[in-house]
Amino acid sequence: MQPILEVKNLNVRFPHSGGDLLAVRNVSFSLKNGRTLGFVGESGCGKSVTAYSLLRLVPSPGRIDSGSILYRGRDIVRMDEDEVRKIRGKEIAMIFQEPMTSLNPVFTIGYQIMESITLHLGKAGREASNYAADLLNSVGIPDPSKRLDSYPHELSGGMRQRAMIAMALSTSPSILIADEPTTALDVTIQAQILDLLIKLQDERKMSLLLITHDLGIVANIAEEVAIMYAGEIVEQGKTADIFRKPGHPYTQGLFSAIPRIGENRKTLRTIPGMVPSLYTRPKECVFFPRCDIGIDRCTQGPVDLITKKNRAVRCVRYTAG
């Protein structure tokens, strides 16, 4: 199956007085049509910056330093701004982390949804209003015509997130990027939002890039997963394979920290040490200072991804099994 999106050797840099910060380093991945790829990693690892790069929305003064982002074979990195605007929000849409800050507080929900409908689909007036109400209904918001006149602060967290999903789906995008779509929601609402995303993806046959720090969410939704650490993908492959036998020491550490039902332990396991500062990125394997199986070879320079049996792992000691 030909990927709808293919990212190759993406590097994103932020200028700084003490030296440039390389927030994303040599990130490569592909997303197949109608499939879900989960991006997992702790805060600050580069997940969101990678997502913003796909839409050319890296916050200033950051910039895409090198690499390519091929959408249906066309490189978004090398497009002019007018070409990117035709794709951004229409063919590739994004649900941002926190709907309360992503939605404009001084405009109604209906106005914000209809703005996208008018811009990308050319609908206006009653036609746009009816279409916006249909979208709110499709994401499970009751009395949608009335809710078009509501302001963001008048909706609950779950309803705001549903409104964000409706806005993202207004143009029937081919790819939906969901950046921590269940942040700050209680467990019940989280499950409802995830079920909604699965349902809408299946109905619309769209591809989904799911960014999260929750391995449980990835296990339920994503066919493939990429694990990020300190701006790099350290492991990538089929979700079932990685969950069955994680290959990178960092991935192993993440799984060992998850509490298991029936286990009798007084404290949770942790990964020792600290995430390296991106301002002083180590010249060796970025995980080496925290790794308990490191060897001299790990210190001889950056480690490349080693691909074996449809699994890519950034570790010199990785052997497929």
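Look up a bit, the structure's there.
Residues numbered from 1 in each chain as written. Predicted model: local features only at pLDDT ≥ 70, side-chain atom pairs only at ≥ 80, totals over all residues. Heavy atoms only, no water.

Chemist: Tell me about the nonpolar core, residues and numbers included.
Modeler: In terms of nonpolar packing, the biggest core is built from 54 residues, with Leu5, Phe29, Phe39 and Ile177 touching the most fellow members. Apart from the residues lying within four places of it in its own chain, the contact partners of Phe29 are Leu5, Glu6, Val7, Leu37, Phe39, Thr50, Leu54, Ile233 and Gln236. Judged by nonpolar contacts, the second largest core, of 36 residues, contains Leu103, Leu136, Met159 and Leu200. (Core = buried A, V, L, I, M, F, W, Y, C linked by side-chain atoms within 4.5 Å. Buried < 20%, exposed > 50% of the residue type's maximum accessible area, 1.4 Å probe, protein only. Contact = heavy atoms within 4.5 Å.)

Chemist: Account for the sheet that holds strand 9 (residues 224-229), naming residues and giving values.
Modeler: Ordered by their spatial adjacency, eight strands build an open sheet running 6-7-8-3-9-10-12-11, and the pairing between neighbours is mixed. Every interior strand has two partners, whereas the edge strands, strand 6 (92-95) and strand 11 (306-308), have only one. This sheet shows a mean twist of 20° between the axes of neighbouring strands, independent of strand direction. Against the sheet, helix 7 (residues 157-169) touches strand 6 and strand 7 (175-179), its axis set at about 175° to strand 6. Against the sheet, helix 11 (residues 249-256) contacts strand 9 and strand 10 (232-238), and its axis sits at roughly 100° relative to strand 9. (Pairing = 2+ DSSP bridges. Helix = DSSP H or I, 4+ residues; strand = E, 2+ residues; numbered from the N terminus. Axes fitted to C-alpha atoms, helices over the stretch in contact; angles between N-to-C directions.)

Chemist: Describe in detail a nonpolar patch on the surface, supporting the description with residues and values.
Modeler: On the surface, Val106, Phe107 and Tyr111 cluster together into a nonpolar patch covering about 290 Å² of accessible area. On the basis of relative accessible area, Phe107 is assigned to the partly exposed category, the value being 32%. (Patch = residues over 30% accessible without salt bridge, like charges linked within 9 Å, V, L, I, M, F, W, Y side chains within 5 Å. Areas by Shrake-Rupley, 256 points an atom, 1.4 Å probe, with all protein chains shown as cover. Salt bridge = Lys/Arg side-chain N within 4 Å of Asp/Glu carboxyl O.)

Chemist: So what about unusual backbone geometry? Which residues, and what values?
Modeler: That bond from Ser60 to Pro61 is cis: its omega, 10°, falls within 30 degrees of zero. Structurally, Pro61 is set in the loop between helix 1 (47-54) and strand 4 (63-71). Residue Asn9 is not a glycine yet carries a positive backbone phi of 50°. With respect to the helices and strands, Asn9 occurs in strand 1 (residues 3-14). Although it is not a glycine, Lys309 sits at a positive phi angle of roughly 50°. With respect to the secondary-structure elements, Lys309 resides in the loop between strand 11 and strand 12 (311-313). Residue Lys309 is classed as exposed on the basis of its relative accessible area, which comes to 68%.

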